[in-house]
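Okay, here's what each chain looks like letter by letter:
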Amino acid sequence: MSGPAAVAPVVAPGETAQSLTERICAVTLREGARPWTPLWWWAALAVSLGLLGMGVIAVGWLFYAGLGIWGIDWPVVWGLDILNYVWWIAIASGGTFISALFFLLGVEWRTALNRLAESLTLCAALCAAIFPILHLGRPWFFYWLFPYPNTMGLWAQFRSPLVWDFFAILTYVLASILFWYFGLLPDLATLRDRAQGQGRRVFYGVLALGFRGSGRQWRHYRAVYAVMAALMAPLVVSVHSIVGMDFAGSAATGWHSTQFPPFFVFGAALSGFAVVLLAILPLRSLLGLHAYVTERHIDVLGRLFLTSSLCVGYAYVMDAFATFYGPDEADRTMFLMRVFGLYAPVYWGTIVLNIVFPQLLWWRSVRLTQPLVWLIGLGVLVGMWLERFQIIVTSLARTQLPSTWGQYTPTLWEWSLLFGTIGLFLTAFLLIVRLMPVVAMAEMRAMLRGPA
Amino acid sequence: MIVAAFATEAAMREAAAEIRRGDPGGVETYMAMEPDEAQGGAEGGSILPAVMLGGGVAGGLGGFLMQAYATTISYPQNIGGRPDLSWPAYIPTTFELAVLGAVVAGMAGFLVLAGMPRLYDPVDEAEGMRAAMLGGYVLVARPTDAARARQVLSRHAAIGIEDVAE
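Residues numbered from 1 in each chain as written. Chains lettered and ligands numbered in written order. Predicted model: local features only at pLDDT ≥ 70, side-chain atom pairs only at ≥ 80, totals over all residues.

- As annotated in an unreviewed UniProt entry, chain B is DUF3341 domain-containing protein from Gluconacetobacter johannae.

- Per an unreviewed UniProt entry, chain A goes by the name Polysulfide reductase NrfD and belongs to Gluconacetobacter johannae.
- Note on chain A: under the UniProt heading Sequence similarities (unreviewed entry), the record states "Belongs to the NrfD family."
- UniProt, in the comment section headed Subcellular location (unreviewed entry), describes chain A in these words: "Cell membrane". (UniProt positions renumbered as here; feature names shortened; annotations may be inferred.)

Structure representation (structure tokens):
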């Protein structure tokens, strides 16, 4: 990842374990700062809560009136509910890639980013996890997905990718929470010992569970953290492969393809890195993290972003190639409709936002022009949403049987649910940014110590 | 017990090693980051990776057997002509439950072996412990020969030495 010339340092010169602890604790505790919570945070929270309120109303009305309030119908039986689920779970992947995969690879730039990236994972996975429940016609029976001995003598259909997906999401959400919390323990202990007020000491003290940094605790901590990271890395790949198989397992046009699992992993990496950049770039200034999130991080993230965009581009090319190389006339009809038909703007929007614009990141000067990178990242998030729209909607709208062709228009309730989850994501993330240490201090200290 | 603070990890480690040498009483070190292996900080391994392996095997095996039981004994049903024991289809769920088992076993095992949650510990009474998670190096000794331990501590340039009631 490091070029021969002009590699920016991964930590600003002159930073020590002491200055790091003080700065990062000050970001969270803000002892003596006025106002105690910055105004930008309140403003962002107000917007997030507004969006979240919209989502709460949408869910309330959905539970009251049922799925009929959505635009889904035969033949497009999957709409924004599945789309948003796939979109969010892909966004969640970025934190796990950075935190687990690059931990195993031992790269030093990962350390300053992993806490924020993992927090993004958590919030996005939370948003994803609610859609499978909401899209059930009778959401109060969601626990039927759990395999348990019941009076009906029934089991979940273990041969279905949709049931695999249930286990994948369950494991991914629980493991992400545990991995995030486990990594937080030493930093919560630092905040406990640093905090002035009684209330804060109790708050962080209870959360730290009595971590004191003893030799025994560290010995086991390191071992568990490393194994957890080694498990999280294949886990995130399995989750997105299974999401891909949700589609590939069906005989619908355009879905029944063996390339879907890797295709979805590539897409997940792209949107994951995009959301990390979208969050890191403003927070770096707002929280004063310039010393720890340096140009090196922005540059590396830009390169990863470009790499995953190229992977996704490869998948798009193979998707088109396989369609026309393959024997299925219905696939070709659907694909031509995707490219030239009613939903063509969605297809071309996907291509431009996910593939064309990210090519600008070949230039280092572009990678370091933060507003531009931010806009490309935002474009990719929109582009990934459009990609899921074209995969889900155009395939279902052009089935093998022309008499069942149709189309799909999302209703206001589906849109408000999408924006509601954006509100949920932002609210949860803002709370984490405000209350939890935003940089993994203990790991940074060990990194600053350097090779002995 | 005796609580002593040090300026460097190396000094703390040397003092801990020396006290341990002649004394069966306990010595524990406290610091705010992972001990440095190069300074002999990685004393002893951890059994937890093995515990996590056990949790993973239990989760995976349990998951596989649950699926096999459900589809062959409890509720066999012909779906698409597949055999009742269509084991390739069980692999994803087996893998996910194996990971879940390992992660939960790791977390639970850590809490047990690290003695957590433990919101109060007598060492908290020491002034020096306040700095342990803020970047300090703190040694806590429960020696049988307190006078010798004190000598060793001052020889290794301990910054502050406190006596704390157990």
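From this point, the narrative continues.
**Description of the overall build of chain A**
Reasoning step 1: The secondary structure content of chain A amounts to 15 helices and 0 strands.
Reasoning step 2: Expected size for 452 residues packed as a compact globule is a radius of gyration near 22 Å; at 23 Å, chain A falls within 12% of this value.
Reasoning step 3: Going through the 452 residues of chain A one by one, you find that 49% of them count as buried.
Reasoning step 4: A sequence separation of at least 24 residues applies to 83% of the contacts in chain A between residues at least 6 apart. (Helix = DSSP H or I, 4+ residues; strand = E, 2+ residues; numbered from the N terminus. Rg over C-alpha atoms; globule rule 2.2 N^0.38 Å. Buried ≥ 20, exposed ≤ 12 C-beta atoms within 10 Å, placed from the backbone. Contact = placed C-beta atoms within 7 Å.)

**Details of the environment of B:Asp84**
Residue and element names in this part refer to chain B.
Reasoning step 1: Looking at where Asp84 falls in the secondary structure, it is placed in the loop between helix H2 (48–74) and helix H3 (91–113).
Reasoning step 2: For Asp84, a count of 14 C-beta atoms within 10 Å puts it in the partly exposed group.
Reasoning step 3: Once residues lying within four places of it in the same chain are set aside, the contact partners of Asp84 are Thr71, Thr72 and Pro76.

**Focus on the domain arrangement of chain B**
Reasoning step 1: Entries for chain B in the domain assignment read domain 1 (2–41 + 121–163) and domain 2 (48–113).
Reasoning step 2: Placing a centre on the C-alpha atoms of domain 1 of chain B and another on those of domain 2 of chain B gives a separation of 45 Å. (Domains from an automatic or database assignment.)

**Details of the UniProt feature "transmembrane region" (unreviewed entry) in chain B**
Residues and elements named next belong to chain B.
Reasoning step 1: Here, the residues flagged by UniProt with the feature "transmembrane region" (unreviewed entry) are residues 47–69 and 89–113.
Reasoning step 2: The distance from the first to the last C-alpha atom of residues 47–69 is 32 Å, and the span holds 96% helix and 0% strand.
Reasoning step 3: Counted over residues 89–113, helix gives 92% and strand 0%. Its end C-alpha atoms are 37 Å apart.

**A word on the interface of chain B and chain A**
Reasoning step 1: Counting from both sides, the interface comprises 51 residues of chain B and, opposite them, 51 residues of chain A.
Reasoning step 2: In terms of residue count, the dominant contributor to the side of chain B that touches chain A is H3(B) (13 residues).

**What to know about the sheet that holds strand S3 (residues 137–142) of chain B**
All names here are of chain B.
Reasoning step 1: In space, the 4 strands of this open sheet follow the order S2-S3-S1-S4, with antiparallel pairing throughout. Here the strands that pair on one side only, and so sit at the sheet edges, are strand S2 (26–31) and strand S4 (160–163). Neighbour to neighbour, the strand axes of the sheet diverge by 20° on average, direction disregarded. (Pairing = 2+ DSSP bridges. Axes fitted to C-alpha atoms, helices over the stretch in contact; angles between N-to-C directions.)

**Comments concerning the confidence of the model for chain A**
When pLDDT drops low, the exact placement of atoms in the prediction is not to be read closely.
Reasoning step 1: When pLDDT is averaged along chain A, the result is 90, and 98% of the positions lie at 70 or above.
Reasoning step 2: Scored below 50 in pLDDT, residues 1–5 of chain A makes 4 contacts in the model with residues more than four places away or belonging to other chains. (pLDDT = per-residue confidence, 0-100.)

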